[in-house]
Structure formats: C-alpha cells, structure tokens
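# Structural features, examined
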Amino acid sequence: MPVDLSGDRYVALANALHRRGVAVWWETDLVAKWLEGPAAFDQAIVRLGQLAKVPGTAGFKISDEIGYGDGLTSTAQATDFLTQTRTRLAQVAPGKQILVDAVVPELGCLPWRGGNQEGCAQRVRQKYPAATAAAVESYLRAHLIDRLDLSTGLLDESTYARWGLDRQTAQTDIWNRIRAQGWASLTTLQSRKALADANGYQGNADQARTDAATYIDVPVAAGAQAVDIWTWRQRYQGQIVSLLASDLQPNPLWTAMVRRRQQGVRLITHMTPSTLPTDSASYNHECDLAAQAFTAIFVAAGTGQ
C-alpha cells in the first residue's frame, strides 16, 4: 500500500528544489543504523525506499566520512556494510545511486613525497584503517560506491610551510595523484569541503578567492565532477553555521560560487527543513537562492539523524 508523503516536510523541501531544477540526494547516516542493529537498519531502508519515488531523486548519501570515527573499524566491516546496503537499496529503490562521502587523511600527508610525510600517513592509516586510500580504492573496485564525495584531509598551512609548500599546492599534488590512481574511472568522483561558519562564511575577498581556487577549481581541473560545499544551514557544535549570514546577503564566497555555477561547475550543498523559515515567502526565497548556486542538494531524509 503506497505511503502518503503529502504532509512530509522533507518531501516538501525536495519537491520545492525539484521545481527549481535542482537534483535531490537523500542524506542519511545508514552506518549508525546498521551498527544499531537489523531493526533500525530495516526501518531506515524502508524510509529510503519511500523517498526514492519522490520526483527528482538521484540517489542516497548513505555515509558521512566512512571509516573515519563512524564506528566502522576495519575494511572488512565497511565492505560488509556497503555490500548489505547496496543489496537492500537495489531492492527498494532500483536505479538510484549510492553516494558515500569520505575523508582519506593520509592524502593530506602527501606520503609519496617520502620522509616525514610517509610517517604522517602511517600514523593516520593505523588510526583509521577503514578510511585509508587502499581501503577506499577496494570499495570502488568492488563497485560498491556509485559516487564518492572525497575530502583530501588537508593539513594546516604551518605544516605545509615546514615542508616547503602551501595548502593549494598540496591540494593540486593530491588531486593529480588521485587522477593518476584512476579513481575517476571507478566511480563518479566529487570533492567536498566545509566552508560554513557561524552567521555565514567569514572570509574576506582574498580568502574567498583562495578557498574557491583550492577547494573548487583544483579538484574540478583534476576531474572532480562536482564539489560539495557544506552547508546551507545546520546546527553544529552548539551553534548554527551557514554559507550566508542571517540577512542572506551575498558574501565573497557566495559570489565566487554563483560565478562558477554560471560557468558550468556543478556545486552541491546540504539542506534540512528544521533550519529553514516557516513562512512560505522566506522559505521560497531560500530555495530560490540555493538554486542559483547549486545543481544538486543533499536533503535530510528524516531517518532520525
């Protein structure tokens, strides 16, 4: 029997975005549900099956930084999760894609340069065995991930300065390495970066130019098909962070993102109805703004995360 989703606020947001030409990816932490047990996992899968029928749905973002402090502690365990999830979603949502986001911290260490960099990489590989480059590549080669949202785990500027380079140069080196590894032939490869802050992005024009170049231009030049910029607006560590300030006026980063969208770069962000205004005029205005910069949006799936 079909489920009535007409009063569902998550579906309402997805519909509003779809009307504006924005693709929808349902965002949920299926890892937590899977670790909680079969009942919780099954309940989430049923919900995603229902959401798959919403117009404009491209697929599901099922994991937030897989293997990186999420409770998955080995490559085998993460592979088991991905395999079970892929099997179940194929049953309830055939044809919809699975997206996983990942931070691969060893990439930021630049281990191919040897010396201190290799030591840095060895430490984070031991700490996050399910989030190593080898682990992530194994998931890709097993065809478990249709789209990979990749963070390169960049270190702070002072570390790179000691190594004789800056963060943008490191990012370029990393993405060239990823391209040489052939990951783009194994999945649809995307990049990701958190740039939201309390009361909107706080960087000045120079910082925005640097951020846009480092986190958008470099990955796209190396083959990233889209860039995920977290977040439209979300509660994080006790405060509300967002890309735009509360008055929704453009800032230097926003201007840079809209310009790139106009140039054909595909950008993505995250939205949830719980942080949107309740009056229809303001709600619609925010959806209009989001559609100016973003070609796709991760919409909270309402599964309890």
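Residues numbered from 1 in each chain as written. Predicted model: local features only at pLDDT ≥ 70, side-chain atom pairs only at ≥ 80, totals over all residues. Heavy atoms only, no water.

By the definition in use, this model includes one disulfide. Residue Cys109 pairs covalently with Cys120 via a disulfide, S to S 2.0 Å. Note on the Cys109 and Cys120 pair: the S-S dihedral is about -55°, so by sign convention the disulfide is left-handed. On the criterion of sequence distance, the pair formed by Cys109 in helix α5 (residues 105-109) and Cys120 in helix α6 (residues 116-127) is long-range, its members being 11 residues apart. Both residues of the pair, Cys109 and Cys120, count as buried. (Disulfide = S-S within 2.5 Å. Helix = DSSP H or I, 4+ residues; strand = E, 2+ residues; numbered from the N terminus. Buried < 20%, exposed > 50% of the residue type's maximum accessible area, 1.4 Å probe, protein only.)

Checked against the element boundaries, Arg47 lands in helix α3 (residues 38-51). Residues contacting Arg47, with those up to four places away along its chain left out, are Leu5, Asp8, Tyr10, Ala301, Gly302 and Thr303. (Contact = heavy atoms within 4.5 Å.)

Okay, the pairing of strand β10 (residues 267-271) next. Extensive coverage of β10 is indicated by the burial of five of its five residues. Burial along β10 is two-sided: the residues Leu267, Thr269 and Met271 and Ile268 and His270 are all buried. Inspection of the sheet shows strand β7 (residues 227-230) paired to β10 by two bridges, in the parallel sense. Along β10, the bridge assignment pairs Asp228 with Ile268. Between β10 and its parallel partner strand β11 (residues 296-300), the chain crosses via helix α12 (residues 280-293), and the hand of that crossover is right-handed. (Pairing = 2+ DSSP bridges. Right-handed = clockwise from strand over helix to strand, strands pointing away.)

What follows covers the sheet that holds β10. Across a sheet, paired strands are connected by hydrogen bonds in the backbone, their directions being either parallel or antiparallel. The parallel closed barrel is built from eight strands, whose spatial order is β1-β2-β3-β4-β5-β7-β10-β11. Taken pair by pair, the neighbouring strands of this sheet meet at an average axis angle of 30°, ignoring direction. Inspection of the sheet shows strand β1 (residues 23-27) paired to strand β2 (residues 57-63) by four bridges, in the parallel sense. In the strand pairing of β2, Trp25 is matched with Gly59. (Axes fitted to C-alpha atoms, helices over the stretch in contact; angles between N-to-C directions.)

Enumeration according to the criterion identifies 17 salt bridges in this entry. Between Asp101 and Lys61 there is a salt bridge whose closest N-O contact spans 3.2 Å. Of this pair, Asp101 sits in strand β3 (residues 97-103) while Lys61 sits in strand β2, and the two are 40 residues apart along the sequence. Given a relative accessible area of 1%, Asp101 falls into the buried group. Here Arg125 ties to Glu118 by a salt bridge, and the two come within 2.9 Å at their closest N and O atoms. Relative accessible area serves as the criterion here: at 26%, Arg125 is assigned to the partly exposed category. (Salt bridge = Lys/Arg side-chain N within 4 Å of Asp/Glu carboxyl O.)

Here we take up the sheet that holds strand β8 (residues 233-236). Strand order in the open sheet formed by three strands is β6-β9-β8, with antiparallel pairing between adjacent strands. Only two strands of the sheet have a single partner each, and these edge strands are β6 (197-198) and β8. Looking at chain direction, β6 and strand β9 (residues 239-242) are connected through two bridges and run antiparallel. Across the sheet, Ala198 pairs through a bridge with Val241, a residue of β9.

So, on to helix α10 (residues 205-221). Along its length, α10 reaches its greatest deviation from straightness, about 35°, at Ala213. Taken residue by residue, α10 has Ala208, Asp211, Ala212, Ala213, Thr214, Tyr215, Ile216, Val218 and Pro219 as its buried positions. Of the surrounding secondary structure, the elements contacted by the buried residues of α10 are α9 (167-181), β5 (188-194), β7, α11 (252-262) and β10. The residue sitting at the N-terminus of α10 and contributing the capping side-chain oxygen is Asn204; that oxygen lies 3.2 Å from the backbone nitrogen of Asp206. A positive backbone phi angle near 115° is found at Gly223, which sits one or two residues after α10. (Bend = angle between axes of the 7 residues up to and from the residue. Polar contact = N/O pair within 3.5 Å; in protein donor to acceptor, adjacent residues only side chain to side chain.)

Glancing now at the packing of aromatic side chains. In the structure shown here, the tally under the stated rule is six aromatic pairs. With a centroid separation of 5.6 Å and an interplanar angle of 65°, the aromatic rings of Trp34 and Phe81 are classed as edge-to-face. Taken together, the positions of Trp34 in helix α2 (residues 30-36) and Phe81 in helix α4 (residues 75-92) put the pair 47 residues apart, joining distant regions of the chain. For the residue pair Trp34 and Phe81, the accessibility class agrees, reading buried in each case. (Phe/Tyr/Trp six-rings, centres within 6.5 Å; stacked < 30°, edge-to-face > 60°.)

On to the nonpolar core. One finds Trp26, Trp183 and Phe294 to be the most contacted residues of the largest nonpolar core, which totals 94 residues. Once residues within four sequence positions are removed from consideration, Phe294 is found in contact with Val22, Trp232, Leu243, Trp254, Met257, Arg261, Leu267, Ile268 and Thr269. Counting six residues, the second largest nonpolar core, distinct from the first, contains Trp25, Leu99, Ile268 and Ala296. (Core = buried A, V, L, I, M, F, W, Y, C linked by side-chain atoms within 4.5 Å.)

It is worth spelling out the pairing of β8 at this point. The sheet contact formed by β8 and β9 spans four bridges and is antiparallel. Among the inter-strand pairings, Arg233 is bridged to a residue of β9, identified as Ser242. Where β8 folds back onto β9 in an antiparallel hairpin, the turn is made up of two residues, including Gln237, whose phi is positive at roughly 50°.

Read these as geometric descriptors, not functional statements.
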